[in-house]
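Residues per chain, in single letters:
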Amino acid sequence: MKSLLHYVVILLLVARCSEEPKYAYGIEPMEWSEYSKSVSLDSNMALLNLEQLLEFEKMDIRYATSNNFTGQVIYPTADCFSRKPVAKALKAVEDSLSALNLGLILYDGYRPYAATVLFYEVYQDTTYVASPYSGSRHNRGCAVDIGLYDLETGEALIMPTGYDDFSEDAHQAVVSLNREAEQNKIILREVMIAFGFEPYPHEWWHFDFKGWKDYPVMDISFDELNQN
Ligand SMILES: [Zn+2]
């Protein structure tokens, strides 16, 4: 006959397993039901589909393909979302750029927290990938990765490096030897600053919207956003 201790151990193990947290890095990102509640209280919380909102954007959502630093398809669909005030500011950026015959290339916007965890587990340098202990500004729907293209030719403008090139050449402060690339980096940076974005020093393509701290980290999938 099994001892009482045996049963106590089993009970303790079962209890421990059921308490296993869903997220391993001490963050409890907002999930769908909480997110939809927050949107009903404040429409600025809403994640908007930028492809539907913008007019001249070019989509190049690398994380919906395996052409990214992880070598894996991360997103089920090639979508780009951001919080409403961020989307409105990008619309103003687009209007301003169209006067220069330029359009925005969208590489990434809102990123579910689960993707940030995966990025970190693939590439543990938090200069280039966000720490899962704090989450990314992309997880808050307040960061965008973007480039520029010529509205007439449809060609991407040359930049100091390719997208997601984790080298010093991608830094804002490093002057590119290619004068055209340097100039294009500055055009993008200045227009983004003018409409409320802050450049990230280590990546010419990444911009955070001011006030990002007011928006919580979320783990809502693209499928949930598209189905609701
Ligand atoms: Zn980014």
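The sections below set out a description of the structure shown in this document.

Comments concerning the overall build of the chain
At step 1: Within the chain one finds seven helices and seven strands.
At step 2: Reading the helices (α) and strands (β) of the chain from amino to carboxyl end gives α-α-β-α-β-β-α-β-α-β-α-β-β-α.
At step 3: Across its three principal axes, the chain shows a C-alpha extent of roughly 80 × 40 × 30 Å.
At step 4: Within the chain, the proportion of its 228 residues that are buried is 46%.
At step 5: Here the contacts in the chain between residues at least 6 apart in sequence split such that 75% fall between residues at least 24 apart.
At step 6: Here the chain has roughly 11900 Å² of accessible surface; of this, 53% comes from carbon and sulfur atoms.
At step 7: Separation of charge centres in the chain, based on 18 positive and 34 negative side chains, amounts to 6 Å.

Some points on the coordination of the zinc ion
At step 1: Those donors, H138 (NE2), D145 (OD) and H206 (ND1), are the protein atoms that reach the zinc ion, and they lie 2.1 Å from it.
At step 2: The sequence motif formed by the donor residues of the zinc ion is H-x6-D-x60-H. Residue H138 is found in the loop between α5 (113–122) and β5 (143–150), and its partner H206 is found in strand β7 (residues 203–209); the two are separated by 68 residues along the sequence.

Regarding helix α4 (residues 84–98)
At step 1: A rise of 1.5 Å per residue sets the reference length of α4, with its 15 residues, at 21 Å; its end C-alpha atoms lie 21 Å apart and thus fit the reference within 8%.
At step 2: Where α4 is concerned, the buried positions are P85, V86, A87, A89, L90, V93, E94 and L97.

With respect to the sheet that holds β5
At step 1: Pairing in this open sheet of five strands is mixed, and the strands run β2-β4-β5-β7-β6 from one edge to the other. Each having just a single partner strand, β2 (58–59) and β6 (197–200) make up the two edges of the open sheet.
At step 2: Relative to strand β4 (residues 102–108), α4 is tilted by about 145°, and along the sheet it contacts β4, β5, β6 and β7.

With respect to the side chain of E203
At step 1: Topologically, E203 is positioned in strand β7.
At step 2: For the buried residue E203, which engages in no salt bridge, the nearest side chain bearing the opposite charge is R111, 7.0 Å off.
At step 3: Residue contacts for E203: discarding those within four places in its chain leaves Y128, F166, A170 and Q172.

Some remarks on the nonpolar core
At step 1: In terms of nonpolar packing, the biggest core is built from 61 residues, with L90, L104, L188, M192 and F197 touching the most fellow members.
At step 2: Elements supplying a minimum of two residues to this core: α4, β4, α5, β5, α6 (179–194), β7 and α7 (222–227).
At step 3: The element best represented in this core is α4, accounting for six residues.
At step 4: In this view, L90 contacts L50, L54, L104, V144, M192 and F197; residues no more than four positions away in its chain are not counted.

The rules behind each value
- Here, residues in each chain are numbered from 1, in the same order as that chain's written sequence.
- Per-residue local features of the predicted model are confined to residues with pLDDT of at least 70, and side-chain atom pairs are confined, for both listing and counting, to 80 or more; whole-chain, interface and lining totals are unaffected and use all residues.
- The side-chain values count all of the structure's non-hydrogen atoms but skip hydrogen atoms and water molecules.
- By definition, any uninterrupted DSSP run of H or I lasting at least four residues is a helix, any uninterrupted run of E lasting at least two residues is a strand, and each is numbered from the N terminus.
- Exposure classes here rest on a 1.4 Å probe applied to the protein chains alone. A residue is buried below 20% of its type maximum, exposed above 50%, and partly exposed in between.
- Residue contacts are counted whenever heavy atoms from the two residues lie within 4.5 Å of one another.
- To be clear on the numbers: accessible area is Shrake-Rupley with a 1.4 Å probe, and residue cover counts the displayed protein chains and nothing else.
- Working convention for charge: Lys and Arg count positive, Asp and Glu count negative, and His plus the chain ends are omitted.
- A charge is said to be at NZ when it belongs to Lys, at CZ for Arg, at CG for Asp and at CD for Glu.
- The donor set comprises N, O and S atoms within 2.8 Å of the metal, extended to 3.2 Å for Na, K and Ca; water molecules are omitted, so apparent gaps in a site may simply reflect that omission.
- What a helix is expected to span follows from its residue count: subtract one and scale by 1.5 Å.
- Each pair of strands is called paired provided DSSP finds at least two bridges between the two strands.
- All axes here are fitted lines through C-alpha atoms, helices being fitted over the stretch that makes contact, and every angle between N-to-C directions spans 0 to 180 degrees.
- Criterion for a salt bridge: a side-chain nitrogen of Lys or Arg within 4 Å of a carboxyl oxygen of Asp or Glu.
- For this analysis, a nonpolar core means a set of buried residues of the types Ala, Val, Leu, Ile, Met, Phe, Trp, Tyr and Cys, connected via side-chain atoms within 4.5 Å.

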